[in-house]
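Chain residues, written in single-letter form:
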Number of protein chains: 4
Amino acid sequence: MLGRTDTDSGMIADPLAPVASTPPAAAPPLALRYRAVRAGMAALARGLSGEDLAVQSMPDASPGKWHLAHTSWFFEVMVLEPHAGLAPLRPDWLYLFNSYYDALGERHPRPQRGLLTRPSLEQVLAYRAEVDVRMLEFLATDPATPAQALVELGLQHEQQHQELFVTDLKHLLSHNPLAPAWRVAPARTTAGANPPLRWIAHGPAGPVAIGAEGPDFAFDNERPRHSVWLEPFALASRPVTCGDWLAFIEAAGYRDPTLWLADGWDAVQAGGWQAPLYWRRGDAGWQRYSVHGPVAIDPAEPVAHVSYYEADAYARWAGARLPTEAEWEAVACGRVFAGAFADDGRLEPAPVTVECFGGNVWEWTSSAYSPYPGFRALTGAAGEYNGKFMSGQMVLRGGSCASPRDHVRSSYRNFFPPAARWQYSGLRLAKDQA
Amino acid sequence: MLGRTDTDSGMIADPLAPVASTPPAAAPPLALRYRAVRAGMAALARGLSGEDLAVQSMPDASPGKWHLAHTSWFFEVMVLEPHAGLAPLRPDWLYLFNSYYDALGERHPRPQRGLLTRPSLEQVLAYRAEVDVRMLEFLATDPATPAQALVELGLQHEQQHQELFVTDLKHLLSHNPLAPAWRVAPARTTAGANPPLRWIAHGPAGPVAIGAEGPDFAFDNERPRHSVWLEPFALASRPVTCGDWLAFIEAAGYRDPTLWLADGWDAVQAGGWQAPLYWRRGDAGWQRYSVHGPVAIDPAEPVAHVSYYEADAYARWAGARLPTEAEWEAVACGRVFAGAFADDGRLEPAPVTVECFGGNVWEWTSSAYSPYPGFRALTGAAGEYNGKFMSGQMVLRGGSCASPRDHVRSSYRNFFPPAARWQYSGLRLAKDQA
Amino acid sequence: MLGRTDTDSGMIADPLAPVASTPPAAAPPLALRYRAVRAGMAALARGLSGEDLAVQSMPDASPGKWHLAHTSWFFEVMVLEPHAGLAPLRPDWLYLFNSYYDALGERHPRPQRGLLTRPSLEQVLAYRAEVDVRMLEFLATDPATPAQALVELGLQHEQQHQELFVTDLKHLLSHNPLAPAWRVAPARTTAGANPPLRWIAHGPAGPVAIGAEGPDFAFDNERPRHSVWLEPFALASRPVTCGDWLAFIEAAGYRDPTLWLADGWDAVQAGGWQAPLYWRRGDAGWQRYSVHGPVAIDPAEPVAHVSYYEADAYARWAGARLPTEAEWEAVACGRVFAGAFADDGRLEPAPVTVECFGGNVWEWTSSAYSPYPGFRALTGAAGEYNGKFMSGQMVLRGGSCASPRDHVRSSYRNFFPPAARWQYSGLRLAKDQA
Amino acid sequence: MLGRTDTDSGMIADPLAPVASTPPAAAPPLALRYRAVRAGMAALARGLSGEDLAVQSMPDASPGKWHLAHTSWFFEVMVLEPHAGLAPLRPDWLYLFNSYYDALGERHPRPQRGLLTRPSLEQVLAYRAEVDVRMLEFLATDPATPAQALVELGLQHEQQHQELFVTDLKHLLSHNPLAPAWRVAPARTTAGANPPLRWIAHGPAGPVAIGAEGPDFAFDNERPRHSVWLEPFALASRPVTCGDWLAFIEAAGYRDPTLWLADGWDAVQAGGWQAPLYWRRGDAGWQRYSVHGPVAIDPAEPVAHVSYYEADAYARWAGARLPTEAEWEAVACGRVFAGAFADDGRLEPAPVTVECFGGNVWEWTSSAYSPYPGFRALTGAAGEYNGKFMSGQMVLRGGSCASPRDHVRSSYRNFFPPAARWQYSGLRLAKDQA
């Protein structure tokens, strides 16, 4: 294993450590939060080699090194340059680490992110450290509210990429015939039975307010809060489990076209899908590739790495349906999010032992990702953050085992194309009420 | 030109003519309707050669001959076999002319429909005639309500394919460097100015009922009637015109990525889009290919053959947005549909001279094609008709110059993928009201 | 079936019939030959519909109508315009029917030849007739030698396209699930055993002259006659038969990578090859699709529709090798070509009952298609005829059941890419001699 | 930059250093040669990071780490296992590092070699060291002749991969917008004029012997020595230079289809070729990407990184042609190879200051890569080394600036597909003599 950092020489110091070692007397809360959030991805990178973090396994995924750099670029172009008047540290890198902001100039083609063996991981980590120094100096100046809002946006952005860092790396390593583990497996919890599935009823028919309001951070796509008319329905008290999914496989769910959306059936055929992504049937039964290497399927865990098409087909097979995002939010709002989050360090779903919402797996809804009534994108380059992806994607709710716990909330709208499987995506059933 | 019919020999008679020549004293209304609807596609095919009707220009389109056969197959497998107990006339054709009904067996791959030079056009027309004879005999038996409902479904299906017959053929002939006209051009109406655009306000906020109810025919996807909460908004009194679109082109709308959805901008780049489909800029200004051959752009006509992505970008450029399908229906409901329909024989949009809804062009809405709350697909094979396409497509409303006038209604939901351009698809603007 | 010609009306007369009905007193031989050759493709087209002749089954193949038109275009642009001073009959068709002559202007994209439903088959046949009238008038003027050479080139070109007309149509109809026959099957000859395979020895080592010389027609790629040094070898007295090939299949030849060239093995995997093109294993044993519809495999027939890769793998399996083109020509030169030719009307290989060279199937050689030492392409546009294809293709020798008998000769070099299977391509074994 | 070796800890020692430090009293020549050859790739890898050596830029190229491992795998499976009876050091790696030997089991898909971030570069270097220890121990046993022949084959194989290591890495880094240099640029030699081009005549017509014979190493594809009949011809005294090529570009050579083979013109269009690979026209004139970073074009250097198609088109434009491989060998045989080789450390072509053959750039010939008369592949797995690639490729002769000097000879046959450009491939003109 490559030792990527050499604290003795001081050359490639942990970007956040020195700062943390001299806690300011009265650090403004945003600076504390900045340090904490930025430490997350660096912690994930620890123990991984430059090779692991340089390679791109598919156009949809990005190398870990790219995530480390891009999130730093974001602070440079969104905060340090416009609000602190600081010229970019590495002008020739701007082109490399812009993701999709047309307003911010040309950019390196996404499918070629994995060809960037230079700058090296060390250089990128050093860049991160330099950006952190600048950001913390800037935050010490007590910046104006608009700048603070962009810092917060940058931290939320960092948290999103922290999750992608995990899922993209898992996808890459899953292609290695050696099936490497890259996280220490947690102590095996006693496999308990799931609590019995209960239907949480909601009614009678009428308008329900959903979406974010107030001063707390929320993405532009969560706003404005608005009314949606809901008919009576019920939502399952827990997500669909691996045990449930095994029954679907046994019942030939992957071979019956009448269960599937037309596009879904095409995807099944084209991709040869017979189980969720990362599942393999071996001599000892079904296994799945995990960040801890191959593990046996635990029936009590929520199923993950299924596409929207699979979620939809499962629901039809089960005589139910997926909830709309409004239904999901109407029930989840106010509940404690009790599943596994990235903070737990497990980075894989945990067995469902209590009725819970949030964490473990993102839950596909039947709602296409569209603007809320009255939606207004942020101004400036940040306006490209969410709005321009409002076609061809479906909304997921709740957060996953790779999401930072303080990043998600009941109004949070995640979105992915219906064929995507490399996220920790699962489902929860809904049904109409008479 | 091939003489495809030879009435002298009687061998390949117009399938509907002999029936029509002996009008029954008291024909049941459904039989009359059957004759009228089935005559539509046959009328369109007149004057076209076997070659014109055999070729497939892209996987999304089908040859005219295939439409003629498939719509007859539909009556055989949905009505004659299950409800009249009649074995299929040509069992070896069932495989050829099934479109997508998994419950009805294997089928010929869609992209290979254009390889079916056999059966010949004459054989297919004869098959149509034989099916018509059987169907009219069956209708004379006063069938039970469920069977009558399937006949009506078959006629609605026929009308949909009549429109596809037009758009698919137009697409094919547009690829011919000779740019052939296949319809006689209508007398040029005096190009009048459009009426001034007016905003039709709707409010205040509250629930509105949309969708179909009652005994009249409606597709399963239009049901059930249900409430939707609408905020105050306004809808334009006319669709966007070619004149409007020329201004968008002149303003470099096709070259400014900030106007476009991310997927839309990808489509612009990949397809080299610089104008609507069929538009060409020549020495004498912009022209478009039409069923009457190349014609000059008439600024007063509604723009057609634009994708959802283009419609969305235009709306953003115009400082407005697309309406949701509920908004569209809330305003359109009860209004006379006054644009051009297939019945007019023009088969191209007509200049907009009055405030109108319906006809001319299908209007893209911002609503993804999803099930209505409480949606139930039809039972049996007909259940595959609509429901399984509820992903990846956007809803269009209103009907076009290629739609039979009695086929559309304010609750009608057409749907196509957002990149589709070969339909008569245009748009109407909406905006939020304070 | 469409009656494509109407001799009563005189409108769409057989293009060659009227000419033939008034035989000139002393027709120059070239005119007689012109009539005879041009009648060949028209005869093949008889009984086929406009649909059959309009559709293109793959980019490598062309519609029959296109062959009919392109071969006429060739006489217009190569002979009538430059040598008779005649402007093209249909200037707007020049673009449509140019195949690949860059010197003659832009051209319709090859993969879109099947979209040309206009001009119609009738129009193309009328065009052929008009070109024939002009050509025969021109030939009556006793044109100069260079012009006569181009006429002869045009006739050889016509004969090549006559063969492609057959193979392209067979390929198209093979995709029809109805497996139509389009030629009347010949009376079944008594299936006799093949004569025993004999090895025809050639030696000792030394130079051998190959290639064409003298005044008789030969393509530029057959010239100049030149020396090739040959080591002692032996050539099989007959081509490999279907019976031989069945043994190869039974011996798992299609599943053993060590028999195959690397590119060949890739083709086997990508294409799922398990037998020659058009072979299907049914309940009643192996069948193949033929121009007479599906027929049982006759072990005594030469195998056809194999790629170079398959031919090479078979030879390796058989402990032999493919001959070079020089070896083939050295042995074949001077022998009577005794296999089936297009003139026999069978259009499928005939059982091998005598030792023979030529006809039945083109035989793959191990020689890449390259210029002979001293090769000079023809001048003018005709220079693009052969030379520019001298990369990526392999030489085949001998002529097939779809070749006109007077078109081939022992120096004739046919060429196709190594993966091509839709020609009547087979093989003959060779081996080194001590 | 990552320090990949840590000699202090001794953990990842230079694989060849410890052996070299204890020179055996009377080392067998093969062991000495083994050490020298194996040191070559390791030397190239020095100064490159694990990231640089893990990434794959296209399916045709491989990561540097893969080359390091695969060449070691070769000695394990070809020598140590069968001849020394040693079980593989890492059985689970056999699958990863097999290139294309079907006889040696399943293998990792070539396009996914760049996904192997594990084993790490350190692990692969350690594996190399372990194989070296075993090999040197084995060589110390004075193995039998067949085993020695396989060792020599492995060293020749190593040298081929050493060249690919250079060209694959250059290709990867050329995609980096930072255009990194990875070798120190040599002192700029005074740019002298090329010596005048002279034509070296060969004649009269008659047989010439080419190919390898005798005990010295040669690949199976160079044997047996045999006669080829050559007509009189002349060969240029130097390769085509960058100055020559600039004239071709200026003369619109890349825009004139009549100069090109049909496949070549397709490649020009599809690839947007306007100059050799790595050339860019900037404000300061033409530059090319090199292993020393971007450099100005030196007209005196041989042109490199051109495809066969470009070489062929250039020759046609110049009124000449490419030589056959026999012509090339007939003239080159016996001459000193005087161009730049890998040993010089430059790794880019050097200006042509003397008449020379060999080195600098591989020279495309007009000969397709085919078996020589009487060719016999090696027995066993080594038989897959050359023979199975004998289709679809063209022969190149002479060696390049990335070839080890003692690896090439006048009978050496290199081969690549005609569209390949990432090798150091250039050309030399030939012409017929009266």
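The structure this text deals with has already been given above.
### Examining the overall build of chain A
Right, on to step 1. Of regular secondary structure, chain A possesses 11 helices and 12 strands.
Right, on to step 2. Its C-alpha atoms give chain A a radius of gyration of 22 Å, within 12% of the compact-globule value 22 Å for 434 residues.
Right, on to step 3. Principal-axis analysis of the C-alpha atoms gives chain A an extent of 60 × 55 × 40 Å.
Right, on to step 4. Buried positions account for 59% of the 434 residues belonging to chain A.
Right, on to step 5. Residue pairs in contact within chain A that sit at least 24 positions apart in sequence constitute 79% of those at least 6 positions apart.
Right, on to step 6. Total accessible area on chain A stands at roughly 16,000 Å², and carbon and sulfur atoms take up 56% of it.
Right, on to step 7. Here chain A holds 37 positive side-chain charges and 46 negative ones, and the gap between their average locations is 2 Å.

### Some words on the relation of the copies chain B and chain C
Mapping between the two copies of the chain is achieved by a rotation about an axis and a shift along the axis.
Right, on to step 1. Mapping chain B onto chain C leaves a residual RMSD of 0.0 Å; the transformation is a rotation of 180° accompanied by 0.1 Å of translation along its axis. Between the two chains, the operation in question is that of a two-fold axis. No C-alpha of chain B approaches the rotation axis more nearly than that of Glu51(B), which lies at 2.3 Å.

### Remarks on the interface of chain B and chain A
Right, on to step 1. The interface of chain B with chain A comprises 24 residues on the first partner and 24 residues on the second.
Right, on to step 2. Counting the surface lost from both chain B and chain A, the interface buries some 2,000 Å², and carbon and sulfur atoms represent 59% of this.
Right, on to step 3. Between the two partners, chain B and chain A, sit 2 salt bridges.
Right, on to step 4. Residues Asp432(A) and Arg376(B) are paired through a salt bridge, measuring 3.3 Å at the closest nitrogen-oxygen approach.
Right, on to step 5. Our count for the contact surface shared by chain B and chain A stands at 5 residue pairs in polar contact (both at pLDDT 80 or more).
Right, on to step 6. For the side of chain B that touches chain A, the secondary structure elements donating two or more residues are strand E3 (226–230), helix H9 (262–271) and strand E8 (362–368) of chain B.

### Here we look at the packing of helix H4 (residues 64–84) of chain C against helix H7 (residues 145–174) of chain C
Residues and elements named next belong to chain C.
Right, on to step 1. Two elements in contact, H4 and H7, have axes whose closest approach is 9 Å; the angle formed by their N-to-C orientations is 175°. Between H4 and H7, the angle is such that the two are roughly antiparallel. The residues of H7 that touch H4, namely those facing Gly 64, Trp 66, His 67, Leu 68, His 70, Thr 71, Phe 74, Phe 75, Met 78, Val 79 and His 83, are Ala 147, Leu 150, Val 151, Leu 153, Gly 154, Leu 155, His 157, Glu 158, His 161, Leu 164, Phe 165 and Asp 168.

### A look at the relation of the copies chain B and chain A
Right, on to step 1. Structural alignment of chain B on chain A gives an RMSD of 0.0 Å, achieved by rotating through 180° and translating 0.0 Å along the axis.
Right, on to step 2. Mapped onto chain A, 100% of the interface residues of chain B again fall at the interface, so both copies present the same surface.

### Brief notes about the environment of Gln148(C)
Residues and elements named next belong to chain C.
Right, on to step 1. Among the structural elements, Gln 148 can be located in helix H7.
Right, on to step 2. Distance from Gln 148 to Pro 404, taken between C-alpha atoms, is 20 Å for residues 256 residues apart in sequence.
Right, on to step 3. Each residue touching Gln 148, except ones within four places of it in the same chain, is listed here: Leu 30, Asp 142 and Pro 143.
Right, on to step 4. Within the local environment of Gln 148, its side chain forms a polar contact with the backbone oxygen of Pro 143, the two atoms lying 3.0 Å apart.

### Here's the deal with the packing of helix H3 (residues 64–84) of chain D against helix H5 (residues 121–139) of chain D
All names here are of chain D.
Right, on to step 1. One can describe the packing of H3 onto H5 by two numbers: an axis separation of 9 Å at closest approach and a directional angle of 30°. Taken together, the axes of H3 and H5 lie roughly parallel to each other. Handedness of the crossing formed by H3 with H5: left-handed. Counting all contacts with H3, which are made through Lys 65, Leu 68, Ala 69, Thr 71, Ser 72, Trp 73, Phe 75, Glu 76, Val 79, Leu 80, His 83 and Ala 84, the residues of H5 involved are Leu 121, Val 124, Leu 125, Tyr 127, Arg 128, Val 131, Arg 134, Met 135 and Phe 138.
Right, on to step 2. Its residues assigned to classes, the contact of H3 with H5 shows 14 nonpolar, 3 polar and 4 charged.

### Brief notes about the arrangement of the chains
Right, on to step 1. Over all C-alpha pairs, chain A and chain C never come within contact, reaching a minimum spacing of 15 Å.
Right, on to step 2. Over all C-alpha pairs, chain B and chain D never come within contact, reaching a minimum spacing of 15 Å.

### Section: the interface of chain B and chain C
Right, on to step 1. Residue-level contacts link 34 residues of chain B with 34 residues of chain C.
Right, on to step 2. Buried area between chain B and chain C, summed over both chains or domains, comes out near 2,700 Å², and the portion from carbon and sulfur atoms is 62%.
Right, on to step 3. Linking chain B to chain C there are 4 salt bridges.
Right, on to step 4. Between Glu51(C) and Lys65(B) there is a salt bridge whose closest N-O contact spans 2.3 Å.
Right, on to step 5. At the boundary of chain B and chain C, one finds 10 residue pairs in polar contact (both at pLDDT 80 or more).
Right, on to step 6. For the side of chain B that touches chain C, the elements supplying multiple residues, two or more each, are helix H3 (50–54), helix H5 (94–97), helix H6 (121–139) and helix H7 (145–174) of chain B.
Right, on to step 7. In terms of residue count, the dominant contributor to the side of chain B that touches chain C is H3(B) (4 residues).
Right, on to step 8. Of the residues contributing to the side of chain B that touches chain C, the split by class is 18 nonpolar, 10 polar and 6 charged.

How each quantity is defined
- Residues numbered from 1 in each chain as written.
- Chains lettered and ligands numbered in written order.
- Predicted model: local features only at pLDDT ≥ 70, side-chain atom pairs only at ≥ 80, totals over all residues.
- Heavy atoms only, no water.
- Helix = DSSP H or I, 4+ residues; strand = E, 2+ residues; numbered from the N terminus.
- Rg over C-alpha atoms; globule rule 2.2 N^0.38 Å.
- Buried < 20%, exposed > 50% of the residue type's maximum accessible area, 1.4 Å probe, protein only.
- Contact = heavy atoms within 4.5 Å.
- Areas by Shrake-Rupley, 256 points an atom, 1.4 Å probe, with all protein chains shown as cover.
- Lys, Arg positive; Asp, Glu negative; His and termini not counted.
- Charge placed at Lys NZ, Arg CZ, Asp CG, Glu CD.
- Least-squares fit on C-alpha atoms with pLDDT ≥ 70 in both.
- Buried area = accessible area lost by both parts, 1.4 Å probe.
- Salt bridge = Lys/Arg side-chain N within 4 Å of Asp/Glu carboxyl O.
- Polar contact = N/O pair within 3.5 Å; in protein donor to acceptor, adjacent residues only side chain to side chain.
- Axes fitted to C-alpha atoms, helices over the stretch in contact; angles between N-to-C directions.
- Parallel < 35°, antiparallel > 145°, perpendicular 65-115°, else oblique.
- Left-handed = near helix turned anticlockwise from the far one by under 90°.
- Nonpolar A, V, L, I, M, F, W, Y, C, P; charged D, E, K, R; others polar.

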